[in-house]
Amino acid sequence: MIKPRIHVLWQICVLALTGMFFPVFSAMDCEDLDPRILESSFSLGYRVVDSQENTQRAGEYSFLDSGTVAGIVIKDLKTTQRFRFEADYFDQTDYNAAIDFDYRGLFRLHATSETFNHQLEHFPGIDATLTAPLVTFTDQNPREEYAIEVKKDEVSLRARLPEFPAHFNLAYWRLQRQGTRQGCFVDEGGAQTADCTSCHLQSRTETVNQVTEEIRGGFDAHLGLVDISYSSFYREFRDKTRTPLDPFGELVDISTEPDTLYRHAGEYEHDAVPESRHIAHSLGLHTSLTGGLTAGAMLSVGEMESSSKLSDVSPVTSKSDYWKAAGDFTLTPSSQWTLALRYRLLDMDTRNPDQVAVSGLPAGPVSVRDSMDVKRTHYGSRLSYRPHYRLTLQGDWQREEIERTSTGPIQDDPNDLFWHLPAQENKSSYKFSLIARPLGTQKLRLNLSYKYLTSDDPSYSTSLKRGHQGFAGATLTLSDRAGMTANIQVIREENNRNERSLFHDSATLNRYRLRRQLDSENATAGAWLIPHKSLQVNIRYGYLHSRTEQGVLFGNDHYPDYVILDENAEFEQTVHTAELSSVWHLSKQVSFLGEARLTRSASRFDPSFAFQPLEYYGIGSTAVDSSALRQLSELQILQTAYKVGVDWQFKDEWKCSARYTWDRYEDLEGAVLDGTVQSYLLSLSRTW
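Anyway, here's the lowdown on the structure attached to this text. The structure displayed is predicted, hence computed values, not measured ones. (Residues numbered from 1 in each chain as written. Predicted model: local features only at pLDDT ≥ 70, side-chain atom pairs only at ≥ 80, totals over all residues. Heavy atoms only, no water.)

1. Describing the overall build of the chain
Here is step 1: If you tally the helices and strands in the chain, you get three helices and 38 strands.
Here is step 2: Put simply, the chain has 688 residues, and 30% of those count as buried.
Here is step 3: Here the contacts in the chain between residues at least 6 apart in sequence split such that 60% fall between residues at least 24 apart.
Here is step 4: When the accessible surface of the chain is totalled, it reaches about 39600 Å², and 58% of it is carbon and sulfur. (Helix = DSSP H or I, 4+ residues; strand = E, 2+ residues; numbered from the N terminus. Buried < 20%, exposed > 50% of the residue type's maximum accessible area, 1.4 Å probe, protein only. Contact = heavy atoms within 4.5 Å. Areas by Shrake-Rupley, 256 points an atom, 1.4 Å probe, with all protein chains shown as cover.)

What follows is the structure, encoded as structure tokens:
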């Protein structure tokens, strides 16, 4: 952790010294006929962080150690050559830097690097008063704090031939995640085997070290009436950590006579993270973007592969080959009418092993169901009519056709041959929009739309059979000193085609119809006001509400006593967010700023099924009802944040700044994750 911190500070100091000499260079170039804009600034400060209780949610993306902060900006802009460098350093896991360089449009360089810290929650365990004696939870590292450091680096180059209209592009992108997290898994090893009166769970610290890299390259050229482009990319995800290995007891079904042994006792790998690789090539053609008729087409081919480095299970490899096609056509016969057509095609074939060998299984290799091949076709059109410069009417039609293989009915077989999805699914949507400026200027702008969606055979329980979406938005600028904006969206979706089938014995197949209804509304409103030329105030409010009523099956087994049907299980969530910010320029030298944010969110899962006894393997008889499920799932969260600051420019080139932030996370149903984070920052900056 110390090494990158020193490295970044060294870089910033070197660049700051470089920026100090820019005025000298500027003076030397004062007779340059090419006009030049030169700006540079450097700031250095210290931040003190104070935290109470748990900080995983109060400062979820913050590193909570006190330390040095710094920032630098260098701009050297000419007509023929441009250079920009900006960097901010907050702590050893939170800094960013960006460079842009352009030489006469012939060579362009863009590079960014950023890092931030993500604190993760530590699940404290299960409340024994609610679950005992069914679940026993053992935390192997009860005092461990978990966090992931995320780093992202990106470099792109673009070069143009001086005598020919063609560009060459090359880009590299890298994302790395390092840290620790809490791994939760079944505890079936050692003494637990002889104490099978409850379900045993445990948690343990796991190391995270994952890297995703991507390289892109290609070219584009203007060949008279047609533009041509080619691009290819290679993306790879690697997991550098060792797969967890733990002891597990025998897996036995004692309900059979004699007992059925599914797995021997031993040490087995678990919670493996699969690695992946993706290669693709694309070739595109496009007519000139000027004129009343434009057209474009693109063809892509690619291959994806995923695998796991497991010694217990092999082979674990899956490959997919695909090709994609795209076409666009736009016709503008007059200033009033525009017609756009759109076509997309994806055809993907996937292969996997027929059998895999799994250590510890007495029955030998396990058969694997064939992967599903998918062909997805998408058509779309848009017709725009503008009878008056104040009014635009627009209609959209979209259709998506999906074909799948290896689908079929459910079978009473552990090695079921089919995916339980529709082989053919057609989705359609129709949208009508109205955009108006009734005052004839940009002072008032209205945007209204209605969309109807339908599917002839929804794939999943959360997919819609039919749905309605309505949107209304308005932007009003009263004067140079006041304005407001407001948006509202209403969604209604239903699915009365979802069905779940379960075998209750080898000959009886029971079907359950699980209806779903979703009602959702979200709205935002904001206003800005300048009551005095030195004061600006911004107010924003957001509202989100959704309510889902759906049939749910609790339990999934051959035995009918293990299946409980709730036809109207309900989930509801509501979020209110309010923000207030202001900037007050007391004088040319002194400015004050303030921000306040309040977020209140609530959610609950509220199933309702009657009190009834339940027999379960080896545990005996117990009585269950739905009351504890609502108690376990109900959340009432209150988050508050404040920020105040002052800037004092005591000389033309020198400025002193102070900031104070306060973040509080409060769980109104409990206090497990409650916490507060405060920070104090004082910095000094100079501008050239």
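From this point, things continue past the structure.
2. Notes on a nonpolar patch on the surface
Here is step 1: A cluster of nonpolar residues, Tyr103, Phe107, Val155, Leu157, Leu170, Tyr172, Ile215 and Tyr234, forms a patch on the protein surface that exposes about 640 Å² of accessible area.
Here is step 2: Only strand 7 (146-160) and strand 8 (166-186) provide two or more residues apiece to the nonpolar patch.
Here is step 3: Of note, Leu170 is situated in strand 8. (Patch = residues over 30% accessible without salt bridge, like charges linked within 9 Å, V, L, I, M, F, W, Y side chains within 5 Å. Salt bridge = Lys/Arg side-chain N within 4 Å of Asp/Glu carboxyl O.)

3. Regarding the environment of Leu44
Here is step 1: Positionally, Leu44 belongs in strand 1 (residues 36-53).
Here is step 2: Taking the relative accessible area as the measure of exposure, Leu44 reaches 43% and is therefore partly exposed.
Here is step 3: C-alpha of Leu44 to C-alpha of Arg686: the two residues are 642 residues apart in sequence and 9.2 Å apart in space.
Here is step 4: Leaving out residues up to four positions away in the same chain, Leu44 has contacts with Thr68, Val69, Ala70, Leu682, Ser683 and Leu684.

4. Digging into the side chain of Thr55
Here is step 1: Looking at the secondary structure, you find Thr55 in the loop between strand 1 and strand 2 (67-78).
Here is step 2: The residues contacting Thr55, other than those within four sequence positions of it, are Glu60, Leu64, Gln119, Thr676 and Val677.

5. Section: the side chain of Thr115
Here is step 1: With respect to the element layout, Thr115 can be found in strand 5 (residues 107-120).
Here is step 2: Judged by relative accessible area, which is 4%, Thr115 ranks as buried.
Here is step 3: Setting aside its immediate chain neighbours within four residues, Thr115 contacts Thr93, Asp94, Tyr95, Glu149, Val150 and Lys151.

6. Describing the pairing of strand 25 (residues 444-455)
Here is step 1: Pairing of strand 24 (residues 424-436) with strand 25 involves 10 bridges; the strand directions are antiparallel. What sits directly across from Ala436, in strand 25, is Leu446.
Here is step 2: Where strand 25 and strand 26 (residues 466-479) come together, 11 bridges link them in antiparallel fashion. Bridge pairing in strand 26 links Tyr450 to Gly470. (Pairing = 2+ DSSP bridges.)

7. Things to note about the sheet that holds strand 17 (residues 313-314)
Here is step 1: In spatial order, the strands read 17-20-21; together these three strands make up an open sheet with antiparallel pairing. Single-partner strands in this sheet number two, and they are strand 17 and strand 21 (366-367).
Here is step 2: As paired elements, strand 17 and strand 20 (residues 355-358) share two bridges and run antiparallel to each other. Each bridged residue has a counterpart across the sheet, and for Val313 the counterpart in strand 20 is Val358.

8. Focus: the environment of Thr661
Here is step 1: Mapping Thr661 onto the fold places it in strand 37 (residues 654-667).
Here is step 2: Classification of Thr661 as partly exposed rests on a relative accessible area of 21%.
Here is step 3: A C-alpha to C-alpha distance of 5.3 Å links Thr661 and Ser679, two positions 18 residues apart in sequence.
Here is step 4: Looking at Thr661, its side chain comes within polar contact range of the side chain of Ser679, at 2.3 Å. (Polar contact = N/O pair within 3.5 Å; in protein donor to acceptor, adjacent residues only side chain to side chain.)

9. A few points about the pairing of strand 31 (residues 535-554)
Here is step 1: Where strand 30 (residues 516-532) lies against strand 31, 15 bridges are found, and the strand directions are antiparallel. Across the sheet, Ser520 pairs through a bridge with Ser546, a residue of strand 31.
Here is step 2: Bridge count between strand 31 and strand 32 (residues 564-585): 19 bridges; the pairing is antiparallel. Counted as the bridge partner of Leu553 is Leu565 from strand 32.

10. Some words on the pattern of salt bridges
Here is step 1: Scanning the model with the defined rule gives 41 salt bridges in all.
Here is step 2: A salt bridge links Arg630 to Glu634, with the shortest nitrogen-to-oxygen separation between them at 3.8 Å.
Here is step 3: Residue Arg630 is classed as partly exposed on the basis of its relative accessible area of 29%.
Here is step 4: One salt bridge connects Arg659 with Asp647, and the closest N-O pair in it is separated by 3.2 Å. Residue Arg659 is located in strand 37, and its partner Asp647 is located in strand 36 (residues 635-648); the two are separated by 12 residues in the primary sequence.

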